[in-house]
Amino acid sequence: MQKILIRGGRTLRGEVPISGAKNAVLPIQCATLLADGPCRIDNVPRLQDVLTTARLLEGLGAKVEHAGSTMTVDAAHLDSHVAPYELVKTMRASVLVLGPLLAKYHDAEVSLPGGCAIGSRPVDLHLKGLQALGAEITVDHGFIRARCDGRLKGARHVFELVSVGATENVLMAATLAEGRTILENAAMEPEIADLADCLNAMGARISGAGTPRIVVEGVPRLSGCTHRVIADRIETGTFLVAAAMTGGRVTTTGARPHTLDAVLGKLREAGAEIAVEKDHITLDMHGRRPQAVNITTAPHPAFPTDMQAQFMALDCVAEGVGIINETIFENRFMHVNELLRLGADIRVDGHTAVVRGVERLQGAPVMATDLRASASLILAGLAADGDTVIDRVYHLDRGYENIEAKLGALGADIRRID
Ligand code: UD1
């Protein structure tokens, strides 16, 4: 199994291009199931999850072509409406085919995603939203079966909790429903606005995406489209934290600064000088050690849970004590035990971690447990003295494109070993 070896202690400097957003491209790939013609998606990152979704679409009968960073999906004719366990179990986002299949074919079967390393992550909010549009849903033998007689019916639905995936699933389904759908307490993540832009390019009539109230006027059919995926704000944030932890100066290019307000605010609080210019963000730490920051994760536009582990790594080497509150996922502190192996001082009590910064971390062998946990171990390894070997890096390949090459170009000593 592949590992990553990092020789820590290098200061990162330079420019790094940001890839397309994983959390935008996955729902957009699923949305292509709604279209009657080919959809061309640009700025697609080469990530394991993107390839898994492509396999899922092919399994349903869609034609997928992937050349460079462009993916074309023609899902006009499908021969199956069943998303099998083998694929869904490896990637929870597969459940996002449910809304599109149901809306277009009035019948869909998707395996229940089941447990996941960062918490139980149920899909009840997805199902309630689809039921509000008239779907009949049963869960049998580990499969969700959703059906409707003719088109779904537009309705007003209030999500009882803010959920990114549920908002996306119900939004996609509503595009082909009869009449108007109003989604209240919708998630406001930039990836939802990007999905809506793509759906609108197919001929959907959506307004308000990116706000808590989304209005959809249903249309009878959607056509093929061309769409460019937005930049990955979590990848951007991860590189900026790497610069902050190593006292360096890094510019991310192609990023979207306004999608990172909470993260940039915390980096400034940690003592970083940040300059923003169109799609460039430059972080300069001027060789200083970061100050500890307190973090509470919450739905967008508050601080993203997907940056929690990286900021914990930052607090590990910062001056002072940082308190980290995880409010989105239970069990999202699995990186703590690995960070302790690198010499960090962290105490966890329920959903709260208290991190006391240490002068230096020490390299050690560690194991990645999930995607963002792996990122935090890479960051800690970059700032540590000596060698850090990270095992189970396949987690990293689900969400970061060419991370070793990109960090290497910034001056990190990092490579993959077998
Ligand atoms: C998406 C992101 C993930 C990010 C998360 C929160 C993708 C592909 N993934 O995941 O990277 O960490 O948003 O920003 O975009 N919940 C329920 N019932 C449901 C659905 C969710 O109780 O039916 C709960 C979850 O357990 C969690 C919370 O709601 O506690 C938020 O989860 P949600 O926003 O749905 O996350 P995902 O869409 O799975």
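The coordinates are above.
No experiment lies behind these values; they were computed from the predicted model shown.

J.: Give me the lowdown on the environment of G381, citing residues and values where you can.
T.: Looking at the secondary structure, you find G381 in helix α12 (residues 371-383). Taking the relative accessible area as the measure of exposure, G381 reaches 0% and is therefore buried. Along the backbone, G381 and P365 are 16 residues apart, and their C-alpha atoms lie at a distance of 9.7 Å.

J.: Residues and numbers for the site of the ligand, please.
T.: Around the ligand, the surrounding shell holds 16 residues, and the nearest of these are D124, L125, S163, D306 and I328. L125 is positioned with one of its backbone polar atoms (N or O) 2.7 Å from an oxygen atom of the ligand. Between the ligand and D306 there is a distance of 2.6 Å, counted from an oxygen atom to a side-chain nitrogen or oxygen. Considered on its own, the ligand offers 740 Å² of accessible surface; in the complex 85% of this is hidden by protein. Take the shell around the ligand: its biggest share by element is three residues, from helix α5 (residues 124-132). Taken together, the residues of the shell around the ligand break down into six nonpolar, five polar and five charged.

J.: Break down the nonpolar core for me, with residues and values.
T.: L152, L171, L199 and M202 are the most contacted members of the largest nonpolar core, which totals 77 residues. Apart from residues lying up to four places away in sequence, L199 is in contact with A31, L34, L171, M172, T175, A204, I206 and L222. If you look at the next biggest cluster of nonpolar residues, it comprises 68 residues, including L264, V293, F311 and V393.

J.: Account for the sheet that holds strand β4 (residues 63-67), with residues named and values stated.
T.: With mixed pairing, four strands are arranged side by side in an open sheet as β4-β5-β3-β14. Of all strands in the sheet, those with a lone pairing partner are β4 and β14 (225-228), marking the two edges. Direction aside, neighbouring strands of the sheet carry axes that sit 15 degrees apart on average. Its contacts with the sheet place helix α2 (residues 48-60) against β4 and β5 (70-74), and it is angled at close to 150 degrees to β4.

J.: Can you explain the sheet that holds strand β12 (residues 205-207)? Please cite residues and give values.
T.: Reading across from one edge, β10-β11-β13-β12 is the order of the four strands in this open sheet, with mixed pairing throughout. Looking at strand neighbours, the two that pair on one side only are β10 (156-158) and β12, the edges of this open sheet. Taking each pair of neighbouring strands and ignoring which way they run, the sheet shows an average axis angle of 15 degrees. The sheet contact formed by β10 and strand β11 (residues 180-184) spans three bridges and is parallel.

J.: Talk me through the pattern of salt bridges; I want residue IDs and the actual numbers.
T.: Going through the model one piece at a time under the given rule, you end up with 22 salt bridges. Its salt-bridge partner being D387, residue R7 comes within 2.9 Å of it at the nearest N-O pair. With R7 in strand β1 (residues 3-7) and D387 in strand β23 (residues 387-391), the pair connects residues that are 380 residues apart, well separated along the chain. A residue is classified by how much of its surface remains accessible, and R7, at 37% relative accessible area, is partly exposed. Residues E184 and R156 are paired through a salt bridge, measuring 3.3 Å at the closest nitrogen-oxygen approach. Separated by 28 residues along the polypeptide, E184 in strand β11 and R156 in strand β10 bring together distant segments of the chain. Among the residues examined, R156 registers a relative accessible area of 57% and is labelled exposed. A single network of salt bridges, built from pairs that share partners, joins K22, D49 and R398.

Thresholds applied
Residues numbered from 1 in each chain as written. Predicted model: local features only at pLDDT ≥ 70, side-chain atom pairs only at ≥ 80, totals over all residues. Heavy atoms only, no water. Helix = DSSP H or I, 4+ residues; strand = E, 2+ residues; numbered from the N terminus. Buried < 20%, exposed > 50% of the residue type's maximum accessible area, 1.4 Å probe, protein only. Near = heavy atom within 4 Å. Polar contact = N/O pair within 3.5 Å; in protein donor to acceptor, adjacent residues only side chain to side chain. Areas by Shrake-Rupley, 256 points an atom, 1.4 Å probe, with all protein chains shown as cover. Nonpolar A, V, L, I, M, F, W, Y, C, P; charged D, E, K, R; others polar. Core = buried A, V, L, I, M, F, W, Y, C linked by side-chain atoms within 4.5 Å. Contact = heavy atoms within 4.5 Å. Pairing = 2+ DSSP bridges. Axes fitted to C-alpha atoms, helices over the stretch in contact; angles between N-to-C directions. Salt bridge = Lys/Arg side-chain N within 4 Å of Asp/Glu carboxyl O.

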